[in-house]
Amino acid sequence: MRRILILLAFIVPLLTLAAPARAGGWAITVMDPVPAKTDPDTTYTLGFWLLQHGTHPYMGDDLGEVALRFTDGKKSLKFVGVELTEPAHYATAISLPEGTWEVEAVQGWFAPYRIGTLTVPGGLKIAPVPSEFGQLIAGQPPQEHWGAIRPPAVPLGDLASGTPATPVATPAAAPAGGSPGGVTTVAVVERGSWWRPSYLVAGLLGVTALVALAYRVRRR
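Basis of the calculations
- Residues numbered from 1 in each chain as written.
- Predicted model: local features only at pLDDT ≥ 70, side-chain atom pairs only at ≥ 80, totals over all residues.
- Heavy atoms only, no water.
- Phe/Tyr/Trp six-rings, centres within 6.5 Å; stacked < 30°, edge-to-face > 60°.
- Helix = DSSP H or I, 4+ residues; strand = E, 2+ residues; numbered from the N terminus.
- Buried < 20%, exposed > 50% of the residue type's maximum accessible area, 1.4 Å probe, protein only.
- 1 Å grid on protein atoms, 1.4 Å probe; cavity = no way out; pocket = protein on both sides within 12 Å on 5 of 7 lines; lining within 4 Å.
- Points joined across faces, edges and corners; volume = space filled by probe spheres on them.
- Nonpolar A, V, L, I, M, F, W, Y, C, P; charged D, E, K, R; others polar.
- Polar contact = N/O pair within 3.5 Å; in protein donor to acceptor, adjacent residues only side chain to side chain.
- Contact = heavy atoms within 4.5 Å.
- Pairing = 2+ DSSP bridges.
- Axes fitted to C-alpha atoms, helices over the stretch in contact; angles between N-to-C directions.
- Salt bridge = Lys/Arg side-chain N within 4 Å of Asp/Glu carboxyl O.

Caption draft 1: Region of the structure containing the packing of aromatic side chains. Within the structure shown, the criterion is met by six aromatic pairs. Judged by centre distance (6.2 Å) and plane angle (70 degrees), the ring pair of Tyr58 and Trp109 falls under edge-to-face. Residue Tyr58 is located in the loop between strand E2 (44-52) and strand E3 (66-71), and its partner Trp109 is located in the loop between strand E7 (99-107) and strand E8 (113-120); the two are separated by 51 residues in the primary sequence. The interplanar angle of 90 degrees and the centroid separation of 5.6 Å between the aromatic rings of Tyr58 and Phe110 together place this pair among those described as edge-to-face. Residue Tyr58 is located in the loop between E2 and E3, and its partner Phe110 is located in the loop between E7 and E8; the two are separated by 52 residues in the primary sequence. Overall, the relative accessible area of 21% leaves Tyr58 in the partly exposed class. The structure contains a cluster of three or more aromatic residues connected by ring pairs, namely Tyr58, Trp109 and Phe110.

Caption draft 2: Seen up close, empty space enclosed by the protein. As enumerated under the stated definition, the model contains two cavities of 30 Å³ or more in all. Considering the residues around the largest cavity, the lining is formed by Met31, Val34, Pro35, Thr38, Leu46, Leu68, Phe70, Ile94, Val103, Leu118 and Leu124. Looking at the lining of the largest cavity, its residues break down into 10 nonpolar, one polar and no charged.

Caption draft 3: Highlighting the side chain of His89. With respect to the helices and strands, the residue His89 is situated in strand E6 (residues 89-94). Note on His89: relative accessible area 7%, which makes it buried. A distance of 2.6 Å separates polar atoms of two side chains, one belonging to His89 and the other to Asp32. A distance of 2.7 Å separates polar atoms of two side chains, one belonging to His89 and the other to Glu86. Every residue in contact with His89, bar those within four places of it in the chain, is listed here: Asp32, Phe48, Trp49, Val82, Glu83, Leu84 and Ile149.

Caption draft 4: Region of interest: the sheet that holds strand E9 (residues 124-126). Strand order across the open sheet formed by five strands is E4-E3-E7-E8-E9, with antiparallel pairing between neighbours. At either margin of the open sheet sits one strand with a lone partner, and together these are strand E4 (76-80) and E9. Averaged over all pairs of adjacent strands, the angle between their axes in this sheet comes to 25 degrees, without regard to strand direction. Looking at chain direction, E7 and E8 are connected through seven bridges and run antiparallel. By the bridge assignment, Glu104 is partnered in E8 with Arg114.

Caption draft 5: Molecular detail of the pattern of salt bridges. Under the definition given, this model contains five salt bridges. Between Glu102 and Arg114 there is a salt bridge, with the nearest N and O atoms lying 3.0 Å from each other. With Glu102 in strand E7 and Arg114 in strand E8, this pair connects stretches of sequence that are 12 residues apart. Take Glu102: its relative accessible area is 34%, and that puts it in the partly exposed class. Judged by relative accessible area, Arg114 falls into the partly exposed class, the value being 45%.

Function cannot be inferred from these measures alone, as they are strictly geometric.
Structure (structure tokens):
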């Protein structure tokens, strides 16, 4: 029993330190301009950007499947994205029947990201940044990964109320000898929340308590 407790005493701090780095894996998806009107059973090509940490292309090896998913409460339709020339830039062709569709980005191993609501016939209403995500952003330094073709502005919204506000543009291309002209402020979506340190510590403490209880019962 003493050996188990000593082992857990070493494991808990290590996992607590490692968890934040794992939980830092998050991304958002930003749409290119979409058609002003979407008709039923008509083919449209949509472009979108998957941005790790909200500012740069994915830096890992195998991201996994990237797609747009449309759900109307009864069925779900998924259209897989194809990589374009620009890093983090994807496109997919869609065709939807009449209805109101919740639009979600499938982001490989990252958590899905809610884009907004598409009405057919009608248009796409981009959801503002959820306040709980926006408040996690303290302001990230300018990063340049694109030229003239770059991610569009991101609709922020009031971080306190979640209401729409003026979009914030991505950093402008840096002039010769100069620096980028702004910072993209976006929402974040964390990877699986079970990696949070508090959950890990609580789970390990629970296991420790069960082991101790079993040991006491065995000694009786």
